[in-house]
Amino acid sequence: PYLLQHSRNPVDWYPWGEEALSRARAEDKPILLSVGYSACHWCHVMERECFESEDIARLMNERFICIKVDREERPDIDHMYMEAVQAMTGGGGWPLTVFLTPEGRPFYGGTYFPPEDRHGLPGFPRLLAALSEAYRDRRSQVAAVAQDLVSRLKQEPDAGPEAEALTQSVLDQAFRGVEAAFDEREGGFGPGPKFPQAPLLEFLLLCHRRTGLARPLQMLELTLQRMAAGGIYDQIGGGFHRYATDGRWLVPHFEKMLYDNALLARLYLHAWLVTGRAVYRRVSQETLDYVLREMTLPGGGFCSSQDADVNGEEGRYYLWTPGEIAGLLGAGDGRMVSRYFGVGSAAAIDGRSVLHVPPGAAAEAGSSPADVAASVTADVATDAAEVVARSRARMLEERSRRPAPARDDKVLASWNGLMLQALAEAAGAFGRPDYGEAAAASARFLVRHMMPDGRLAHSRKSPEAPGQLEGSIAPGVPGYLEASRVPGYLEDYAAVARGLVALHEITLDSGWLEKAFALTEAVLARFVSADRPGLWYDTGPDHDPLFARPRNTVDSATPCGGSSAAEMLLRASRLTGDTSQERAAAAMMLMVRDQMLSHPMASGHWLCALDLHLGSPEEIVVVGRRDEPGTEALLAAVHGQYLPHRALLGWAPGTPVPPRLRDLARGRGITDGVPTAYLCRGHQCHPPTSDAGELRRLLSV
């Protein structure tokens, strides 16, 4: 969809591929590489200002071979050239604009460029002219810059320290580094803009569980409450925007990404399991309900994102005025709801307000609409909670009549794996069969459409999605009716495998485990070096070769492929008893041990994986027919607690047990004809039980 958005530009865009690269070599022209994504606001701005300009496009077409890349479809290209721009300029972002030699070597880059000199940035036409002249007249200098940069980016890491270096002291020191960056007033990290860094926040919850200290939980709760009350959260429809432009979580950039909503729904779920606070349960469910309502495709796949802009205006879909609310709800309810959601306050764009719950009230009361409304208004009625709930439903209905943000209906395996895991965990914890059905549909979609031959594809774009039939966006574009298939990256294999394990935990269908184990074995075969223990890459043998093989170690809004793979290898090892997988994960973590210590803010999921590696797991086996009430009760006892290290397996009596699990299954069956649970922790096993209350008690000890 992102490339199709640019199909009517006067720029002669190519997709990344041999056709464009061959033409650059044949014509001896430098390459202009532009990387962005469908929901990116500033990508749209640069398109309107530069790529839709006939004069600028003429200059681009005459002097460069122009390539357009969707960063979500090709994270390998995005990562390598983003690293190059960061090395050249010290910063990065999207749109990413990089100038390459015909061989694909970067020699200059940046992000957004305006159509004329502005705010200290050179105008794009002036930049194009200068760089094309430099390539023509000072070729040796350009080649030297490119060679030096490529040499630096090709450097591979030294061997990691000894295995004994992976100790709890790494977790303790990393926590102190995270704590130093914490915003004591508003939650989150740094002064703003603020991103919801779910992997790092999950690490705080693990720190609280491991140490029993209140401080990590206090940091987490302040952040979760501020986010839930802020404009970064869609107060009417549920779900999170990508980030807040300020330090108070109030004014967001309005795009919504699938990965944020998968990871944050799961994080709020975990916080509810630990604290019992109703606000966390509500936000988790509202976020998942939003995804099922607005981001789900026929067949079970999930869209990548929703755009920030509607008709070129950012955020208009989500903004309200007091008059609009009063006209919809009436004067009395409208006044209360406007105060409750801070309409007319500082969080405004062009006179329209971003809905939020004033943060002072959220910090004090957070979970109850009535309590928050009472603290905000002096004349609130006792039925405030009912008024707010009723008003939210009416406002959502009214908002649905507005022109809606476009969806990027490209399906990405890794992000779909994250959502699969979130839905499966929520189905078990909340007792929501609809979440379980959606998780199973997602898994079937991934297996049927993304890995029909056993190997996983990274992306798929189907013309069968609503509103995306041929002719509606780009009539006559060659290949539009074909699904876009890019080979799966490391992050895809790891995330989908983890999601399939979570689905087994609520269905007890061993077929999902078998598929997860096959993907985990492929991680070792396709992405991990056989010669250097611990060295992995993000691309496999069937990916396009770039000037260096991509290898990203940084956890940001999402876990990187390496940390996701390390976690999945650990979990597979706990389930199968294959210690070689745990050794491989430990070697990967050793490679980034120094990063965890010196840059913990960029290592959130690595730290979660290390916590799993060092922790003592609960080994739980449930034997019983899935449709029996006794089996449901035993599983509810497990899913109703925060057990991040658990290894949960189950099967129906008399059904075949996968060969990899036979050691774990030996001697474990139903007792007295009723579903039975087996629990071992550390090196101690408890007697089998069919009493869900007893299992709950044993797990809580």
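Residues numbered from 1 in each chain as written. Predicted model: local features only at pLDDT ≥ 70, side-chain atom pairs only at ≥ 80, totals over all residues. Heavy atoms only, no water.

1. As for the overall build of the protein chain
At step 1: Tallying secondary structure elements over the protein chain gives 28 helices and 22 strands in all.
At step 2: Against the 2.2 N^0.38 benchmark of 27 Å for 701 residues, the protein chain shows a C-alpha radius of gyration of 26 Å, consistent with a compact globule.
At step 3: Taken over the C-alpha atoms alone, the protein chain extends approximately 85 × 70 × 50 Å along its principal axes.
At step 4: The burial tally for the protein chain puts 59% of its 701 residues in the buried class.
At step 5: The contacts in the protein chain between residues at least 6 apart in sequence include a share of 71% that link residues at least 24 apart.
At step 6: In the protein chain, 72 side chains carry a positive charge and 89 a negative one; their mean positions are 1 Å apart. (Helix = DSSP H or I, 4+ residues; strand = E, 2+ residues; numbered from the N terminus. Rg over C-alpha atoms; globule rule 2.2 N^0.38 Å. Buried < 20%, exposed > 50% of the residue type's maximum accessible area, 1.4 Å probe, protein only. Contact = heavy atoms within 4.5 Å. Lys, Arg positive; Asp, Glu negative; His and termini not counted. Charge placed at Lys NZ, Arg CZ, Asp CG, Glu CD.)

2. Describing the pattern of salt bridges
At step 1: Following the criterion strictly, the structure yields 56 salt bridges and no others.
At step 2: Measuring nitrogen to oxygen at the nearest pair gives 3.2 Å for the salt bridge that ties Arg 74 to Asp 544. Highlighted residues: Arg 74 in the loop between strand E3 (65–70) and helix H5 (75–89) and Asp 544 in the loop between helix H21 (510–526) and helix H22 (561–576), separated in sequence by 470 residues.
At step 3: Accessibility expressed as a relative area gives 10% for Arg 74, which makes it buried.
At step 4: According to the relative accessible area criterion, Asp 544 is partly exposed, its value standing at 37%.
At step 5: One salt bridge connects Arg 625 with Asp 627, and the closest N-O pair in it is separated by 3.0 Å.
At step 6: A relative accessible area of 44% places Arg 625 in the partly exposed class.
At step 7: In this structure, a network of salt bridges that share partners links the residues Asp 12, Arg 23, Glu 27 and Lys 29. (Salt bridge = Lys/Arg side-chain N within 4 Å of Asp/Glu carboxyl O.)

3. Some words on the sheet that holds strand E2 (residues 31–36)
At step 1: The five strands are arranged E1-E3-E2-E4-E5 in an open sheet whose pairing can be described as mixed. Each edge of the open sheet carries a strand with a single partner, namely strand E1 (13–14) and strand E5 (106–110).
At step 2: One ladder, built from five bridges, connects E2 with strand E4 (residues 96–100); its direction is antiparallel. Bridging across to E4, Leu 32 finds its partner in Phe 99.
At step 3: Relative to the sheet, helix H2 (residues 18–27) contacts E1, E2 and E3, its axis offset from that of E3 by approximately 160°. (Pairing = 2+ DSSP bridges. Axes fitted to C-alpha atoms, helices over the stretch in contact; angles between N-to-C directions.)

4. Some thoughts on helix H19 (residues 433–450)
At step 1: Compared with an ideal rise of 1.5 Å per residue, which puts 18 residues at 26 Å, H19 spans 25 Å between its outermost C-alpha atoms and is within 8% of the ideal.
At step 2: Looking only at H19, the buried set comprises Tyr 435, Gly 436, Ala 438, Ala 439, Ala 440, Ala 441, Ser 442, Ala 443, Phe 445, Leu 446 and Met 450.
At step 3: Residues of H19 that are buried in the fold lie against helix H12 (278–294), strand E16 (411–412), helix H18 (413–430), strand E17 (457–460), helix H20 (490–507) and H21. (Expected span 1.5 Å × (residues − 1).)

5. Remarks on the packing of aromatic side chains
At step 1: Evaluated as defined, the whole model comprises 22 aromatic pairs.
At step 2: Each ring, one from Tyr 233 and one from Phe 240, has its centre 4.8 Å from the other, and the planes form 55°; the classification is tilted. Phe 240 carries the same exposure label as Tyr 233, and that label is buried.
At step 3: Through pairs of rings, three or more aromatic residues link up here, namely Trp 13, Phe 51, Phe 113 and Phe 124.
At step 4: The ring centre of Trp 94 lies 3.8 Å from the NZ or CZ of Arg 71, which sits over that ring.
At step 5: Positioned over the ring face of Trp 536 is Arg 551, at 4.0 Å from the centre of the ring. (Phe/Tyr/Trp six-rings, centres within 6.5 Å; stacked < 30°, edge-to-face > 60°. Lys NZ or Arg CZ within 6 Å of the ring centre and 35° of its normal.)

6. Some remarks on the state of the cysteines
At step 1: Tallied over the entire structure, the rule returns two disulfides.
At step 2: Disulfide partner of Cys 40: Cys 43, at an S-S distance of 2.4 Å. Between Cys 40 and Cys 43, the disulfide has an S-S torsion of 80° and is therefore right-handed. As far as burial versus exposure is concerned, Cys 40 and Cys 43 are alike and both buried.
At step 3: Bridging Cys 680 to Cys 685, the disulfide has an S-S length of 2.0 Å. Across the S-S bond of Cys 680 and Cys 685 the torsion is about 105°, and the bridge reads as right-handed.
At step 4: Disulfide connectivity for the protein chain, with bonded cysteines indexed by sequence position, reads 1-2, 3-4.
At step 5: Here Cys 207 is not cross-linked by a disulfide; its sulfur's nearest cysteine counterpart is in Cys 608, at 8.4 Å.
At step 6: No disulfide involves Cys 303; its sulfur sits 18 Å from the nearest other cysteine sulfur, which is in Cys 40. (Disulfide = S-S within 2.5 Å.)

7. Comments concerning the packing of helix H4 (residues 54–63) against helix H6 (residues 124–137)
At step 1: H6 packs onto H4 with a crossing angle of 15° between their chain directions and a minimal axis gap of 10 Å. Considering the angle they form, H4 stands roughly parallel to H6. Seen along the crossing, H4 lies across H6 with a hand that is left-handed. Contact residues: Ile 56, Leu 59, Met 60 and Arg 63 in H4; Phe 124, Pro 125, Leu 128, Ala 129, Ser 132 and Glu 133 in H6.
At step 2: In terms of residue class, the contact of H4 with H6 is made up of seven nonpolar, one polar and two charged. (Parallel < 35°, antiparallel > 145°, perpendicular 65-115°, else oblique. Left-handed = near helix turned anticlockwise from the far one by under 90°. Nonpolar A, V, L, I, M, F, W, Y, C, P; charged D, E, K, R; others polar.)

8. Points about the sheet that holds strand E18 (residues 486–487)
At step 1: Reading across the sheet, the three strands line up as E16-E17-E18 and stay open at both edges, with antiparallel pairing between neighbours. Looking at which strands have only one partner, the edges of the open sheet turn out to be E16 and E18.

9. Section: unusual backbone geometry
At step 1: The omega angle of the peptide bond from Trp 94 to Pro 95 is 10°, so this bond is cis rather than trans.
At step 2: Tracing the chain through its elements places Pro 95 in the loop between H5 and E4.
At step 3: Phi at Asn 311 takes a positive value of approximately 55°, unusual for a residue other than glycine.
At step 4: Residue placement: Asn 311 occurs in the loop between strand E10 (309–310) and strand E11 (313–314).
At step 5: Residue classification places Asn 311 among the exposed residues on the basis of a relative accessible area of 75%.
At step 6: In this model, Asp 672 sits at a positive phi of 55°, which is unusual for a non-glycine residue.

10. Points about the side chain of Glu 294
At step 1: You can see Glu 294 is positioned in helix H12.
At step 2: Side-chain polar atoms of Glu 294 contact the side chain of Gln 306, separated by 3.2 Å.
At step 3: Not counting residues within four places of it along the chain, the set of residues in contact with Glu 294 comprises Gln 306 and Arg 407. (Polar contact = N/O pair within 3.5 Å; in protein donor to acceptor, adjacent residues only side chain to side chain.)

11. Side note on the packing of H22 against helix H23 (residues 579–591)
At step 1: Taken N-terminus to C-terminus, the directions of H22 and H23 make an angle of 155°; their axes are 8 Å apart at the nearest point. For the element pair H22 / H23, the angle class is roughly antiparallel. The interaxial crossing formed by H22 with H23 has left-handed handedness. Only Thr 579, Gln 581, Glu 582, Ala 584, Ala 585, Met 588 and Met 589 of H23 make contact with H22, whose side of the interface consists of Gly 562, Ala 565, Ala 566, Leu 569, Leu 570, Ala 572, Ser 573, Arg 574 and Thr 576.

12. What to know about the pairing of E17
At step 1: Relative to E17, E16 runs antiparallel, the two being bridged by two bridges. Each residue of the ladder has a partner; that of Val 411, found in E17, is Arg 460.
At step 2: As paired strands, E17 and E18 are joined by two bridges and run antiparallel to one another. For Ala 457, the partnering residue across the bridge sits in E18 and is Pro 487.

That's the geometry; what it means functionally is another story.
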